[in-house]
Amino acid sequence: QVQLVESGGGLVQAGGSLRLSCAASGRTASIKSFGWYRQAPGKQRELVARITSGSITSGSSTDYADSVNGRFTISRDNAKNTVDLQMNSLKPEDTAVYFCNARAWFLEYDYWGQGTQVTVSS
């Protein structure tokens with residue numbers, strides 16, 4: 001089992017920045033990748049950014065949704081078992097509940113955090 005707890009959401013004006021953090025605990029060695037998803041009212045949950053676990057011979061890789069590429073940065077601190085999402089140049093359309101995700105190697109099972117609200121005012 002893996003537990004995920006998000007923090008850092010809030011209200012910000014357009015053009016501002018927020019940093020989300022996800023603290024992972026439990027069997028984190030079983031995790032293939034970590035990601036941030038978001039879900040706006042009336043819309044499906046969508047992938048925002050993902051970072052793979054990497055290995056001794058190769059570093060981790062990242063992937064971003066086109067809508068946030070160049071504005072958001074995902075990073076991971078293996079020592080602290082945290083995954084952060086730095087969000088810059090925020091837009092009203094970034095308003096959503098943001099969820100931390102951990103995908104296991106085995107059957108690509110997904111673990112989810114409880115979500116944190118991000119609201120961007122125009």
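Residues numbered from 1 in each chain as written. Predicted model: local features only at pLDDT ≥ 70, side-chain atom pairs only at ≥ 80, totals over all residues. Heavy atoms only, no water.

Considerations on the pattern of salt bridges
Working definition: two side chains of opposite charge can pair if their charged atoms are close together. One pass over the structure, following the stated rule, counts six salt bridges. Note that Glu 108 and Lys 32 form a salt bridge whose closest N and O atoms lie 2.6 Å from each other. One end of the pair, Glu 108, is in the loop between strand 9 (96-104) and strand 10 (110-112); the other, Lys 32, is in strand 4 (residues 31-39), with 76 residues separating them in the sequence. Looking at Glu 108, the relative accessible area reads 41%, which means it is partly exposed. (Salt bridge = Lys/Arg side-chain N within 4 Å of Asp/Glu carboxyl O. Helix = DSSP H or I, 4+ residues; strand = E, 2+ residues; numbered from the N terminus. Buried < 20%, exposed > 50% of the residue type's maximum accessible area, 1.4 Å probe, protein only.)

A closer look at the state of the cysteines
Within this structure, the stated rule accounts for one disulfide. Through a disulfide, Cys 22 is tied to Cys 100; the S-S separation comes to 2.1 Å. Here the disulfide of Cys 22 and Cys 100 is left-handed, its torsion about the S-S bond being about -85°. With a gap of 78 residues between them, Cys 22 in strand 3 (residues 18-26) and Cys 100 in strand 9 connect regions that are remote in the sequence. Overall, Cys 22 belongs to the buried group, its relative accessible area being 0%. (Disulfide = S-S within 2.5 Å.)

Considering the side chain of Thr 116
The topology assignment puts Thr 116 in strand 11 (residues 116-121). With relative accessibility at 12%, the residue Thr 116 sits in the buried group. A distance of 3.3 Å separates a polar atom in the side chain of Thr 116 from the backbone nitrogen of Gly 9. Among residues more than four places away in sequence, those in contact with Thr 116 are Glu 6, Gly 9, Leu 20, Ala 96, Val 97 and Tyr 98. (Polar contact = N/O pair within 3.5 Å; in protein donor to acceptor, adjacent residues only side chain to side chain. Contact = heavy atoms within 4.5 Å.)

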